[in-house]
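Descriptive analysis of the structure
Chain residues, written in single-letter form:
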Amino acid sequence: MNLPNMLDAKVRGKSKVQYIQQEPLISNRFQGKKYFIRTYGCQMNVHDSEEIVAIVENLGFTSVDVMEEADLVLLNTCAIRENAHDKVFGYLGRLKHLKREKKDLLIAIGGCMPQQSSVAEEILKKHPYVDIVFGTHNIHELGRMILEKNEKQNINVYSIEGNVYENVMYKRDSSITAWVNIMYGCDKFCTYCIVPYTRGRQRSREMAQILEEVRDLKEKGYQEITLLGQNVNAYGKDLEEPVSFATLLLEVSKIGIPRVRFVTSHPWDFTDEMIDIIAKCDNVMPYIHLPLQSGSSRILKLMGRRYTKAEYLELFEKMKKRIPNVAITTDIIVGFPGETEEDFQDTLDVVNSCQYDGAFTFLFSPREGTPASKMEDETPIAIKEERLHRLNELINSYSNQKNQEYVGKVVKVLIQGTSEKDPNKVYGYTETMKLVNVVASKDMIGKIIPVLITDAKSFSLDGKMEEVVLN
Ligand code: SAH
Ligand code: SF4
Ligand code: F3S
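Since the model is a prediction, treat every value here as computed from it, not as a measurement.

Re the packing of helix H11 (residues 309-322) against helix H12 (residues 341-354)
Put simply, H11 and H12 touch, their axes get as near as 11 Å, and they point 10° apart. Taken together, the axis directions place H11 and H12 in an arrangement best described as roughly parallel. Residue-level contacts link Lys309, Tyr312, Leu313 and Phe316 of H11 to Asp346, Asp349, Val350, Ser353 and Cys354 of H12. When its residues are assigned to classes, the contact of H11 with H12 shows five nonpolar, one polar and three charged.

Below, the structure written as structure tokens:
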């Protein structure tokens with residue numbers, strides 16, 4: 001048994017990152033058995049689940065959509081806010097009942113939650129029916145843990161700086177769009193954030209390995225890839241021979257996949273070179289997710305974000321000026337400890353200046369072990385909620401307005417599947433990442449087609465395929 005330790009998770013020593021080639025573990029032990037997986041959290045977790053799925057399918061399991069029919073239930077969890085935590089423990093209640101009826105059921109929990117000492121201990125003490133607990137550093141050990149499972153609960157979570165595993169097998173959710181990790185972990189330690197503790201130090205993959213993966217995806221016919229990292233613009237700084245994100249982006253672009261995206265950009269370190277490459281490469285999409293977190297320079301300082309309101313606005317303007325038609329979205333935290341009405345007005349002020357295409361807004365959630373969780377916070381929750389409401393109204397009015405501007409225009413849409421709302425339609429995304437429900441034949445799935453936008457809603461657009469050829 002290995003329990004995590006938040007103090008160890010904080011350490012950023014001088015040890016070198018190990019680049020380890022992984023070998024797949026293949027067995028037919030679980031032939032005929034079914035697995036069910038549930039994923040919470042960010043794109044990293046969504047992509048990690050593609051690895052988890054490959055691991056369990058290599059043991060013979062096949063997928064099932066109904067949890068009650070599964071022999072193995074996997075939860076890939078997120079620790080970013082308290083409500084993510086509550087959801088998982090709520091779900092565990094259901095699993096506990098299921099296990100009473102189905103003694104052979106295997107339950108495995110992984111992801112960011114077990115990386116928190118308190119969660120691992122809670123599972124150990126209060127949830128003995130959970131069979132396997134693994135963390136973000138040892139996904140590759142999951143196959144072995146399942147094969148070696150005995151009567152005892154197996155908790156194996158490490159608080160280490162972290163290495164880079166190559167040759168990872170993924171069972172990708174889509175044959176049209178794919179995630180590509182370019183780096184793992186985070187060294188920024190924003191004072192509210194748990195990620196540097198749950199994911200370890202920043203470690204970049206070597207550029208050659210990334211390019212090889214992208215070439216392989218191109219050969220397989222993928223139309224879009226998204227380069228993944230908590231701070232993509234810090235990519236390569238930790239490599240023995242440093243490479244910039246701008247260089248990586250240019251090299252990836254040259255491989256010629258029709259659409260290249262990346263998440264997430266930190267406003268700190270966003271260089272002019274990056275902006276130029278996004279502007280000049282046709283297949284690098286004009287869409288940037290640029291988290292603001294707060295518009296108040298005072299709060300930004302307390303958050304450890306290392307930019308001011310003025311610097312953020314300057315960067316934003318530069319992007320808008322240099323990248324034609326760029327769409328920019330953001331993340332904002334409301335109610336950080338000590339946030340006053342004046343600070344909040346600064347946030348509204350930035351939103352009014354930037355008129356974002358969209359935003360994810362969150363109430364501050366204290367995370368155990370982070371500096372912000374110990375900061376004095378006297379603002380009543382009712383006031384925070386009221387601020388969040390005001391912010392959401394403003395954000396929605398701008399995203400609605402942005403969507404309205406599309407009506408009557410013809411845009412390129414990558415069609416990804418049948419529309420959930422209307423089985424007679426297909427859906428896809430514009431270059432600027434707007435969701436569009438399109439009247440077009442299902443044969444268009446996997447293709448980039450011209451679409452005339454006929455209507456705009458708050459969170460999506462409607463359109464129909466145009467019979468013109470776009471250049
Ligand atoms: N690496 C990204 C963010 C990843 S977490 C970046 O630096 O921008 C995704 C979002 O969750 C963050 O942008 C932030 O807005 C939000 N978040 C993180 N910690 C939070 C907390 N303790 N309370 C509320 N929201 C939080
Ligand atoms: Fe968290 Fe900050 Fe790292 Fe983003 S940059 S993952 S918010 S610590
Ligand atoms: Fe959540 Fe971990 Fe991602 S905490 S947001 S799943 S990095």
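Having seen it, we continue.
Remarks on the pairing of strand S20 (residues 448-456)
Pairing of strand S17 (residues 410-418) with S20, which is carried by five bridges, proceeds in the antiparallel orientation. Bridge pairing in S20 links Lys412 to Pro450. Across five bridges, S20 lies against strand S21 (residues 461-465) in antiparallel orientation. Across the sheet, residue Ala456 finds its bridge partner in S21, namely Leu461.

Observations concerning helix H8 (residues 245-255)
Of all the residues in H8, the buried ones are Phe245, Ala246, Leu248, Leu249, Val252, Ser253 and Ile255. Against the buried residues of H8 lie helix H7 (207-219), strand S12 (224-228), strand S13 (259-263) and helix H9 (272-280). Positive phi shows up at Gly256, right after H8, with a value of about 95°.

Digging into the pattern of salt bridges
One pass over the structure, following the stated rule, counts 32 salt bridges. One salt bridge in this structure joins Arg12 and Asp187, with 2.7 Å as the shortest N-O distance. Residue Arg12 is found in the loop between helix H1 (6-10) and strand S1 (19-21), and its partner Asp187 is found in the loop between strand S10 (183-184) and helix H6 (195-199); the two are separated by 175 residues along the sequence. In this structure, the salt-bridge partner of Asp276 is Arg322, at a minimum N-O distance of 3.1 Å. In this pair, Asp276 is assigned in helix H9 and Arg322 in helix H11, connecting sequence segments 46 residues apart. With a relative accessible area of 36%, Asp276 lands in the partly exposed category. Its relative accessible area of 34% is what places Arg322 among the partly exposed residues. One connected set of salt bridges, linked through shared partners, spans Glu339, Glu341, Glu386, Arg387 and Arg390.

Conventions used here
- Going along each chain's sequence as written, the residues are numbered from 1 onward.
- The lettering of chains begins at A and the numbering of ligands begins at 1, in the order of writing.
- Local features in this predicted model are restricted to residues whose pLDDT is 70 or higher, and side-chain atom pairs enter the listing and the counts only when it is 80 or higher, whereas totals over whole chains, interfaces and linings include all residues.
- The side-chain values count all of the structure's non-hydrogen atoms but skip hydrogen atoms and water molecules.
- Geometry is summarised by axes, namely lines fitted to C-alpha atoms with helices restricted to the contacting stretch, and by angles between N-to-C directions that run from 0 to 180 degrees.
- A run of H or I in DSSP counts as a helix once it spans at least four residues, and a run of E counts as a strand once it spans at least two, with each numbered from the N terminus.
- Note that the term roughly parallel is reserved for angles under 35 degrees, roughly antiparallel for angles over 145, roughly perpendicular for angles of 65 to 115, and oblique for everything else.
- It only takes one pair of heavy atoms within 4.5 Å for two residues to be counted as in contact.
- In this classification, the charged set is Asp, Glu, Lys and Arg, the nonpolar set is Ala, Val, Leu, Ile, Met, Phe, Trp, Tyr, Cys and Pro, and all remaining amino acids, among them Gly, are polar.
- Here a strand pair is declared whenever DSSP counts at least two bridges between the two strands.
- The buried label goes to any residue with under 20% of its type's maximum accessible area, the exposed label to any with over 50%, and the partly exposed label to all in between, with areas taken from a 1.4 Å probe on protein chains only.
- The working definition used for a salt bridge is a side-chain nitrogen of Lys or Arg within 4 Å of a carboxyl oxygen of Asp or Glu.

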